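Descriptive structure summary
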Amino acid sequence: MDIAKSVTGKTKVIALIGNPIEHSISPQLHNTISKYLGKDLIYVPLRVEHDELEIAVRGLKAINIEGFNVTIPYKQDIIKYIDEVSWEARLIGAVNTVKISGGKLYGYNTDMYGFIRSFNEETGTGIRGRRVLVIGAGGAARSIAIGAAAHGADKIYIANRTKDKAVDLVNIINSHFGELACIYEAEEADKAYSCLDEFDVVINATSLGMYPEIQASPVSEKAVFDPNSIAYDAIYNPPKTRFLTQAERHGCIIINGLGMVLHQGIKAYEIWTGLVLPESVRKEIFESFKNYIYTCL
Ligand code: NAP
């Protein structure tokens, strides 16, 4: 994009707020979508200092931009400044997408959508009726586990280093979807998970294995997976984490977090613009961005 020619007084603006934001792939993703669609819309990252969230949000509202993404560490704190919060964001307890309309802020969480859509597309089936183990209880795990519950998983097991957070997530799921969820504890000896052959889907939603700590995994080297099961990692850098390598050795279908991050981003774009991206355009963006991201990371 030639900014000198393409950004004019009519150009609409979407922002990303967080701290840090330098690592984010969202500017490339959203500006790629605008380029594909020929939309006069630019996406810019803005680092917001700690204790300045409220003033930043008031500023974004005052300058009448279309909306913004919210990333770490403000996804939870932002909720108190939002006028209307979607049911998904309310349950997950985090907002990652805000649309500004008529002077009001509308908050959404598109991570759940991103997970479900990528899971459905990449497995060719869905999560309905499956026994799912989610390892982790942070933001990604909450979106994934609540998404699995909302889309008909048979049973959801939550495993997390900090048990209180796992208990909190189990309680949220059970109070909204019936007695679906329970705690899963690591074997005492090494605190890594190893008896995984009772699950249809095993999901790593911890940061263990993310670049640069690529040797880490929440799963023991001795772990046993059901060869017919699916291993899903929310991490997309590296594209094949140690967890996915371990599962692949047992014959599992493996899926990384790239689909989730791309689909959640496209959903946010649709929320801001009111557009529904045609399937063909979505596929093109997906392929071009996949190539782009793995040559840049
Ligand atoms: P978060 O809220 O900070 O949660 C981190 C999770 O990892 C917690 O469950 C934490 O356990 C666990 N964890 C961290 N270090 C650990 C360790 N040494 N041993 C055991 N558990 C550990 O982060 P998040 O936003 O959920 O992100 C988690 C991962 O998902 C990251 O790699 C992120 O890049 C990825 N992600 C991907 C997408 C996507 O669209 N693909 C979206 C969001 C996040 P405790 O609770 O015990 O601290």
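The notes below deal with the structure included here. As a convention, each chain's residues are numbered from 1 in the sequence order in which they are written. Two thresholds apply to this predicted model, a pLDDT of at least 70 for residue-level local features and 80 or more for giving and counting side-chain atom pairs, whereas whole-chain, interface and lining totals are computed over all residues. Remark: hydrogens and water are excluded; side-chain values derive from all non-hydrogen atoms of the structure.

The next subject is the site of the ligand. The rule for a residue being near a molecule or strand is that one of its heavy atoms must lie within 4 Å of it. With respect to spatial proximity, 20 residues lie near the ligand, and among them A140, N160, T162, K165 and A234 are the closest. Any pair of nitrogen or oxygen atoms within 3.5 Å is treated as a polar contact; in protein, a donor-acceptor pairing is required on top of that, and neighbouring residues in sequence qualify only through side-chain atoms on both sides. A137 is positioned with one of its backbone polar atoms (N or O) 3.0 Å from an oxygen atom of the ligand. Measuring from an oxygen atom of the ligand, one finds a side-chain N or O atom of N160 at 2.7 Å. Helical segments are the DSSP runs of H or I of at least four residues, strand segments are the runs of E of at least two, and each set is numbered from the N terminus. For the shell around the ligand, the elements supplying multiple residues, two or more each, are α6 (139-150) and α9 (258-273). For the shell around the ligand, the per-class residue count stands at 10 nonpolar, eight polar and two charged. Each residue gets one of three labels, nonpolar for Ala, Val, Leu, Ile, Met, Phe, Trp, Tyr, Cys and Pro, charged for Asp, Glu, Lys and Arg, and polar for the others, Gly among them.

The next thing to look at is the sheet that holds strand β11 (residues 201-204). Taken in spatial order, the six strands line up as β9-β8-β7-β11-β13-β14 in an open sheet, and their pairing is parallel. Each edge of the open sheet carries a strand with a single partner, namely β9 (181-183) and β14 (253-255). With strand direction ignored, the average angle separating the axes of adjacent strands in the sheet is 20°. Alignment of strand β8 (residues 155-159) against β9, held across three bridges, turns out to be parallel. Each bridged residue has a counterpart across the sheet, and for I158 the counterpart in β9 is I183. By definition in these notes, contact holds between two residues if any of their heavy atoms fall within 4.5 Å. Only the stretch in contact is used when a helix axis is fitted, and all axes are lines through C-alpha atoms; the angle between N-to-C directions ranges over 0 to 180 degrees. Together, β11, β13 (230-233) and β14 form the strand contacts of helix α5 (residues 111-123), whose direction differs from that of β13 by roughly 140°. If DSSP finds at least two bridges between two strands, the strands pair.

A word on the side chain of N19. Looking at the element boundaries, N19 is found in the loop between β1 (12-18) and α2 (26-37). Side-chain polar atoms of N19 contact the backbone oxygen of V48, separated by 3.2 Å. If we skip the residues at most four places from it in the chain, N19 touches R47, V48, E49, H50, I72, P73 and Y74.

Below, the discussion takes up the nonpolar core. Counting 35 residues, the largest nonpolar core has F115, V134, I156, I158, I173 and I203 as the members making the most contacts within it. Elements represented by at least two residues in this core include exactly α4 (87-92), α5, β7 (131-135), α6, β8, α7 (163-177), β11 and β13. It is α6 that provides the largest number of residues to this core, a total of six residues. The residues contacting I173, other than those within four sequence positions of it, are A145, I146, A149, I156, I158, G178, L180 and A181. Buried residues of nine kinds, namely Ala, Val, Leu, Ile, Met, Phe, Trp, Tyr and Cys, make up a nonpolar core once their side-chain atoms join them within 4.5 Å. Accessibility here uses a 1.4 Å probe with only protein chains present; expressed as a share of the type maximum, an area under 20% marks a residue as buried, one over 50% as exposed, and anything in between as partly exposed. Residues L16, Y43, V281 and I285 belong to the second largest nonpolar core, which totals 21 residues.

Time to look at the pattern of salt bridges. Here a salt bridge means any side-chain nitrogen of Lys or Arg lying within 4 Å of a carboxyl oxygen belonging to Asp or Glu. For the structure on display, the rule yields 14 salt bridges. As a salt-bridge pair, R117 and E121 come within 2.9 Å of each other at their nearest N and O atoms. Of the two residues, R117 and E121 are both situated in helix α5; the distance of four residues between them amounts to about one turn of the helix. With relative accessibility at 41%, the residue E121 sits in the partly exposed group.

Right, let's get into the pairing of β11. Every second residue of β11 is oriented toward a common face, with V201 and I203 on one face and V202 and N204 on the other, all of them buried. Examined bridge by bridge, β7 and β11 share four bridges and lie parallel to one another. Residue pairing in the sheet places V134 in a bridge with I203 of β11. Where β11 and β13 come together, four bridges link them in parallel fashion. Counterpart to V201 in the pairing with β13 is I230.

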